[in-house]
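Observations on the three-dimensional arrangement
Listed below, chain by chain, are the residues.
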Amino acid sequence: MKAAISVGPDAKSVEPLDRAVVFLGPPGAGKGTQAKELAGKCGVPHLSTGDMLRENIVKGTPLGEKAKPIMARGELVPDSLVLKMVAERIEEPDCWHGFVFDGFPRTVAQAQYLGVLLRQHGYKPPVVVHFAIDPGLLLRRITGRRMCKIAGEIYNIYERPPKVEGRCDNDGGELEQRPDDREEIVAPRLQAYEKQTAPLVAYYRRLGRLHAVDASKSVADVTQQVLEIVCKAR
Ligand code: AP5
């Protein structure tokens, strides 16, 4: 018999999701932090299109070459490039029992394509979690973020500092700041969100797929809200 997700403080692991979960919200709202947590608990992949694009940049692939200057300006990478990357990724066997999208979809065209992809692969409609947050918190979260160079663990020098400055608690990896987390790039990223991504809130609400969490709360509190939504949506 399959075990249900436990949403208590000791919640550990659980049966596969068997569906897609979409985390939607502005830069710095905490999507990546919570996506790692949920994906780990459910034993499914965390699919961050931002991480996938950054990996392509590090490897110097043609996709990475195209995405690099666009991301450096805080703009969205064209749908055509992102959609191909996502379509290929969800074909991989680790996605067969569901996945957690973080930062995808980000335009109405991406959302429409995702709907088609999920139907083609026989998945149920996605559970969409909107990270609603006081915009005044975002600058501090974004500029304070540091990420482990080895496994991508996310810290914040103000809110979630590592035990040893500049080093990951888990593997001792060096912590670095993302180039687009510099203060001067934050405004264009937030503008891109408002113009191109925020309309997805209404889009998914119309489809009856939208659930909101108060992302201004602590990490543990937001995790609890997310787990309750995902459990009820099963
Ligand atoms: P991407 O990497 O997706 O970045 P983003 O959406 O801008 O989101 P962030 O990673 O900035 O924030 P987050 O919500 O994940 O917050 P986090 O958990 O890290 O995209 C980067 C770029 O790639 C885009 O600008 C675009 O160019 C391109 N791109 C990516 N996907 C694309 C797509 N689909 N289409 C087109 N282009 C695409 O938390 C932030 C900080 O806050 C951390 O320091 C964390 O420790 C802290 N924190 C988290 N939760 C809490 C909490 N509850 N309380 C206090 N602190 C917290």
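To start, this report covers the structure provided alongside it. (Residues numbered from 1 in each chain as written. Predicted model: local features only at pLDDT ≥ 70, side-chain atom pairs only at ≥ 80, totals over all residues. Heavy atoms only, no water.)

A separate point is the overall build of the protein. When helices and strands are counted, the protein shows nine helices and eight strands. Reported as C-alpha extents along the three principal axes, the dimensions of the protein are approximately 45 × 40 × 35 Å. Burial statistics for the protein: of 234 residues in total, 47% are counted as buried. Residue pairs at least 24 apart in sequence account for 70% of intrachain contacts in the protein once pairs closer than 6 positions are excluded. For the protein, the computed accessible surface area is about 11,900 Å², with 54% contributed by carbon and sulfur atoms. Side chains of the protein give 34 positive and 30 negative charges; the mean places of these two sets differ by 4 Å. (Helix = DSSP H or I, 4+ residues; strand = E, 2+ residues; numbered from the N terminus. Buried < 20%, exposed > 50% of the residue type's maximum accessible area, 1.4 Å probe, protein only. Contact = heavy atoms within 4.5 Å. Areas by Shrake-Rupley, 256 points an atom, 1.4 Å probe, with all protein chains shown as cover. Lys, Arg positive; Asp, Glu negative; His and termini not counted. Charge placed at Lys NZ, Arg CZ, Asp CG, Glu CD.)

The next subject is the site of the ligand. Taken together, 34 residues lie near the ligand, and T33, E75, R106, R145 and R189 sit nearest. Separating an oxygen atom of the ligand from a backbone N or O atom of A29 is a distance of 3.2 Å. Alone, the ligand offers 1,000 Å² of accessible surface; in the complex the protein occludes 97% of this. In terms of residue class, the shell around the ligand is built from 12 nonpolar, 10 polar and 12 charged. (Near = heavy atom within 4 Å. Polar contact = N/O pair within 3.5 Å; in protein donor to acceptor, adjacent residues only side chain to side chain. Nonpolar A, V, L, I, M, F, W, Y, C, P; charged D, E, K, R; others polar.)

Next up on the list: the pattern of salt bridges. Taken as a whole and assessed by the stated rule, the structure comprises 13 salt bridges. Note that K41 and E37 form a salt bridge whose closest N and O atoms lie 3.0 Å from each other. Here K41 pairs with E37, and both are found in helix α1 (residues 31-42), just four residues apart, close to one helical turn. In this structure, the salt-bridge partner of R182 is E184, at a minimum N-O distance of 2.7 Å. Judged by its relative accessible area of 36%, R182 is partly exposed. Residue classification places E184 among the exposed positions, given a relative accessible area of 53%. Overlapping salt bridges bring together R145, R178, D180, D181 and R189 as one network. (Salt bridge = Lys/Arg side-chain N within 4 Å of Asp/Glu carboxyl O.)

This paragraph deals with the sheet that holds strand β8 (residues 210-214). Strands sit in the order β2-β3-β1-β4-β8 across an open sheet of five strands; the sheet is parallel. At either end of the open sheet lies a strand with only one pairing partner, and these are β2 (46-48) and β8. When the angles between neighbouring strand axes are averaged without regard to direction, this sheet yields 25°. (Pairing = 2+ DSSP bridges. Axes fitted to C-alpha atoms, helices over the stretch in contact; angles between N-to-C directions.)

What follows is about the environment of G152. On the secondary structure map, G152 appears in the loop between β5 (145-148) and β6 (154-156). Accessibility expressed as a relative area gives 14% for G152, which makes it buried. As for G152 and K41, which are separated by 111 residues in sequence, their C-alpha atoms are 17 Å apart. Here G152 is in contact with K36 and M147, once residues within four sequence places are set aside.

Further remarks concern the packing of aromatic side chains. Counting across every chain of the model gives five aromatic pairs. Aromatic pair F99 and Y123: ring centres 5.3 Å apart, planes at 80°, arrangement edge-to-face. Here Y123 lies in the loop between α5 (108-120) and β4 (127-132) and F99 lies in strand β3 (residues 99-102), a separation of 24 residues in the sequence. For the pair F99 and Y123, a shared accessibility class is recorded, and that class is buried. Through a chain of ring-to-ring contacts, three or more aromatic side chains come together here, namely F99, F101, F104 and Y123. (Phe/Tyr/Trp six-rings, centres within 6.5 Å; stacked < 30°, edge-to-face > 60°.)

Consider a sheet: its strands pair through backbone hydrogen bonds, and that pairing is either parallel or antiparallel. If you walk across this open sheet you meet the three strands as β6-β5-β7, and the pairing is antiparallel. On the outer flanks of this sheet lie β6 and β7 (175-176), each paired with one strand and no other. Note: β5 against β6, three bridges, orientation antiparallel. Residue R146 lies in a different strand from β6, and its bridge partner there is Y155.

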